[in-house]
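# Per-entry structural report
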Amino acid sequence: MIETQVTIINKLGLHARAAAKLVSTASAFGSRIKVGYPDKMVDGKSIMAVMMLAASKGTELLLQVEGDDQEQAMEAVLDIINRRFDEEE
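Since the model is a prediction, treat every value here as computed from it, not as a measurement. (Residues numbered from 1 in each chain as written. Predicted model: local features only at pLDDT ≥ 70, side-chain atom pairs only at ≥ 80, totals over all residues. Heavy atoms only, no water.)

### A few points about the sheet that holds strand β3 (residues 40–43)
Rules: When DSSP finds at least two bridges between two strands, those strands are taken to pair. Only DSSP runs of H or I with at least four residues qualify as helices, and only runs of E with at least two residues qualify as strands; both kinds are numbered from the N terminus onward. Comment: axis = line fitted to C-alpha atoms, over the contacting stretch for helices; angle = value between 0 and 180 degrees taken between N-to-C directions. Here, residues are in contact when the closest pair of their heavy atoms is within 4.5 Å.
The strand order across the open sheet built from four strands is β1-β4-β2-β3, with neighbouring strands paired in antiparallel fashion. Each of the sheet's edge strands pairs with one partner strand only, and the pair in question is β1 (2–7) and β3. Along the sheet, successive strands turn relative to each other by an average axial angle of 25 degrees, direction set aside. When β1 meets strand β4 (residues 60–66), the two strands line up antiparallel, connected through six bridges. Note that in β4 the partner of I2 across the bridge is V65. Across the sheet, helix α3 (residues 70–82) is in contact with β1, β2 (32–37) and β4; its angle to β1 comes to roughly 0 degrees.

Spelled out as structure tokens, the structure:
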């Protein structure tokens, strides 16, 4: 398993459209992907679970990935977050 901290940097935070992009990206991989806070980790492939995190701009989240394609999955999820979910700012 690999894990890292990531900061939500887009203006609107992890709202519905951003959460959908994160889940879509995560679902493309076979690895188990968890996202959240140290005391509340949720399934990164569940739109409802990700939205329940209510992560606003500046929120620090923990990202854990475990599986055969964990490196590629981690890279893809970090990429979509760091690209601000492809939203205009």
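Next comes the rest of the write-up.
### Considerations on the pattern of salt bridges
The condition that has to hold: Think of a salt bridge as a Lys or Arg side-chain nitrogen and an Asp or Glu carboxyl oxygen that are within 4 Å of each other.
Applying the stated rule across the entire model yields three salt bridges. Here R83 ties to D79 by a salt bridge, and the two come within 2.3 Å at their closest N and O atoms. If you follow the salt bridges from partner to partner, you end up with D79, R83 and D86 in one network.

### Here's the deal with the environment of K57
Condition: Working definition: with a 1.4 Å probe on protein chains only, accessible area under 20% of the residue-type maximum means buried, over 50% means exposed, and in between means partly exposed.
Along the chain, the position of K57 falls in the loop between α2 (47–51) and β4. In this structure K57 comes out as exposed when scored by relative accessible area, which is 51%. With 30 residues separating them in the primary sequence, K57 and E87 have C-alpha atoms 13 Å apart. Leaving out residues up to four positions away in the same chain, K57 has contacts with I8, I9, N10, K11 and G13.

### A short note on the environment of A20
Following the sequence through the fold, A20 ends up in helix α1 (residues 16–27). Remark: the alpha-carbon pair of A20 and M51, spanning 31 residues in sequence, is separated by 8.8 Å.

Read these as geometric descriptors, not functional statements.
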